[in-house]
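# Report on the structure
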Amino acid sequence: MSEHESQSPTKRNPLWRFLRIAVGVYFGLCIVMMALESRLVYPRPRNSSPSDWKISQADQTDVMFAAEDGVTLHGWFFAHEDPDYAILYCHGNGENISHNAAYMSFLRERLKASIFIFDYRGYGKSNGSPDENGLILDGLAAQMWLADNMQIELDEVVLMGRSLGGGVAVAIAAKRGARALALQNTFAAMWEVAAEKFPWLPVQWIMSNRYPSADRIKQYQGPLIQIHGTEDRIVPYTQGKKLFAAAPGNKKLWIDNPDQGHNQPLPRSYFQALAEFLKETAD
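Residues numbered from 1 in each chain as written. Predicted model: local features only at pLDDT ≥ 70, side-chain atom pairs only at ≥ 80, totals over all residues. Heavy atoms only, no water.

Counting its regular elements, the protein chain contains 11 helices and eight strands. Split into buried and exposed, the 283 residues of the protein chain put 48% on the buried side. Taking contacts inside the protein chain between residues at least 6 apart in sequence as the whole, the part at least 24 apart equals 70%. Taken as a whole, the protein chain presents about 14100 Å² of accessible surface, with 53% of it coming from carbon and sulfur. (Helix = DSSP H or I, 4+ residues; strand = E, 2+ residues; numbered from the N terminus. Buried < 20%, exposed > 50% of the residue type's maximum accessible area, 1.4 Å probe, protein only. Contact = heavy atoms within 4.5 Å. Areas by Shrake-Rupley, 256 points an atom, 1.4 Å probe, with all protein chains shown as cover.)

The next point concerns the sheet that holds strand 5 (residues 158-162). As summarised here, the arrangement of the eight strands in space is 1-2-4-3-5-6-7-8, forming an open sheet in which the pairing is mixed. Bordering the open sheet on either side are strand 1 (61-66) and strand 8 (252-257), each of which pairs with just one other strand. Geometrically, the sheet is characterised by an average inter-axis angle of 20° between neighbouring strands, direction not taken into account. As judged from the four bridges shared by strand 2 (residues 72-78) and strand 4 (residues 113-118), these two strands associate in the antiparallel manner. (Pairing = 2+ DSSP bridges. Axes fitted to C-alpha atoms, helices over the stretch in contact; angles between N-to-C directions.)

Here we take up the pairing of strand 5. Counting buried residues in strand 5 gives five out of five residues, a clear majority hidden from the surface. Pairing between strand 5 and strand 6 (residues 180-184): five bridges, direction parallel. Bridge pairing links V158 to A180 in strand 6.

The next thing to look at is the pairing of strand 6. Counting buried residues in strand 6 gives five out of five residues, a clear majority hidden from the surface. Burial along strand 6 is two-sided: the residues A180, A182 and Q184 and L181 and L183 are all buried. The parallel pair strand 5 and strand 6, bridged by helix 6 (residues 164-176), forms a crossover whose chirality is right-handed. Examined bridge by bridge, strand 6 and strand 7 (residues 224-229) share four bridges and lie parallel to one another. The partner of Q184 across the bridge, within strand 7, is I227. (Right-handed = clockwise from strand over helix to strand, strands pointing away.)

Evaluated as defined, the whole model comprises 11 salt bridges. In this structure, R108 engages E109 in a salt bridge whose closest nitrogen and oxygen atoms are separated by 3.0 Å. E109 sits in the exposed class, given a relative accessible area of 52%. Between E192 and K242 there is a salt bridge, and its shortest N-O distance comes to 2.9 Å. Highlighted residues: E192 in helix 7 (residues 190-197) and K242 in helix 10 (residues 237-246), separated in sequence by 50 residues. When salt bridges that share partners are traced, they join D59, R108 and E109 into one network. (Salt bridge = Lys/Arg side-chain N within 4 Å of Asp/Glu carboxyl O.)

Here the focus is the side chain of H80. Mapped onto the fold, H80 is located in the loop between strand 2 and strand 3 (85-90). On the accessibility criterion, H80 (15% relative accessible area) is buried. One polar contact links the side chain of H80 to the main-chain amide nitrogen of D82, over a distance of 2.9 Å. In contact with H80, not counting residues within four places along its chain, are R108, E109, K112, A113 and S114. (Polar contact = N/O pair within 3.5 Å; in protein donor to acceptor, adjacent residues only side chain to side chain.)

Turning to the side chain of R162, a few remarks are in order. Residue placement: R162 occurs in strand 5. One polar contact links R162 to N263, side chain to side chain, over a distance of 3.4 Å. Beyond its immediate sequence surroundings of up to four residues, R162 is in contact with Y89, C90, H91, G92, E95, Q184, T186, H262 and N263.

In this section: the environment of S105. Looking at where S105 falls in the secondary structure, it is placed in helix 4 (residues 101-111). The exposure class assigned to S105 is buried, which follows from its relative accessible area of 15%. For the pair S105 and A79, spaced 26 residues apart in sequence, the C-alpha to C-alpha distance is 9.3 Å. Once you skip the residues sitting within four places of it in the chain, S105 turns out to touch D59 and F78.

Quick look at the packing of helix 4 against helix 11 (residues 268-282) now. Where helix 4 meets helix 11, the closest approach of the two axes is 10 Å, and the angle between their N-to-C directions is 50°. By the angle between their axes, helix 4 is oblique relative to helix 11. Handedness of the helix 4/helix 11 crossing: right-handed. Along the contact surface, helix 4 presents Y103, F106, L107, R110 and L111, while helix 11 presents R268, F271, Q272, L274, A275 and L278. Classifying every residue of the contact of helix 4 with helix 11 gives eight nonpolar, one polar and two charged. (Parallel < 35°, antiparallel > 145°, perpendicular 65-115°, else oblique. Left-handed = near helix turned anticlockwise from the far one by under 90°. Nonpolar A, V, L, I, M, F, W, Y, C, P; charged D, E, K, R; others polar.)

Right, here's the structure in full:
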């Protein structure tokens with residue numbers, strides 16, 4: 001029998017060889033995407049210019065604190081002289097606190113609130129590397145710092161979160177409660193958003209940063225106000241509606257942000273609605 005005749009049919013079949021190569025390439029791409037996940041989920045901005053980090057003691061206070069696992073974190077406290085609320089703000093994944101100073105000053109005056117904004121591990125001047133469990137520990141530590149500083153209970157803190165920060169805020173609220181939860185352009189589950197963007201990947205099985213916010217919010221019974229852009233191409237509008245529908249609390253307010261994408265400024269009408277909503281939580 002010749003060498004050619006001794007080969008198995010599968011080895012002689014060009015389609016079989018092509019399938020083997022295609023499967024190998026596919027698994028290789030899966031491995032590459034798994035390696036890149038942290039960079040995709042946490043696209044930390046480059047170091048801000050020195051002017052972005054300037055501290056005006058009349059405006060905000062520099063704060064260093066630690067998460068439960070010992071990671072050192074950095075934040076800014078925007079104190080109001082006669083606050084009605086203590087607000088913890090959790091920012092998005094492509095920014096740090098230096099990008100939000102003007103916004104925090106605006107919220108402080110508009111809502112008559114003292115506000116604490118912090119950087120997740122690996123962001124800004126905070127140490128460590130970001131991952132889901134770590135960011136939740138960071139948020140819990142920030143809530144503790146604010147409650148201690150304001151001499152209030154943990155569940156008296158108002159939690160605000162945008163995009164990724166909404167996922168962190170939901171996790172905090174589910175674990176410890178909140179006076180109110182305010183979410184902007186937040187997902188029901190991060191892995192579902194990723195699955196829509198990468199339908200050719202088995203995201204449900206390989207993604208480690210999952211943020212199942214729709215499941216977590218079921219543990220939160222307090223007031224919820226949520227706004228989402230109808231033209232959001234990063235976190236789809238349907239994700240926000242799914243998260244809102246999962247919330248069991250009696251006091252809920254959904255606000256459409258017509259024709260707005262993920263990163264456009266919020267309308268002034270939202271801040272009026274937010275102020276009225278927070279006032280109702282005190283009644």
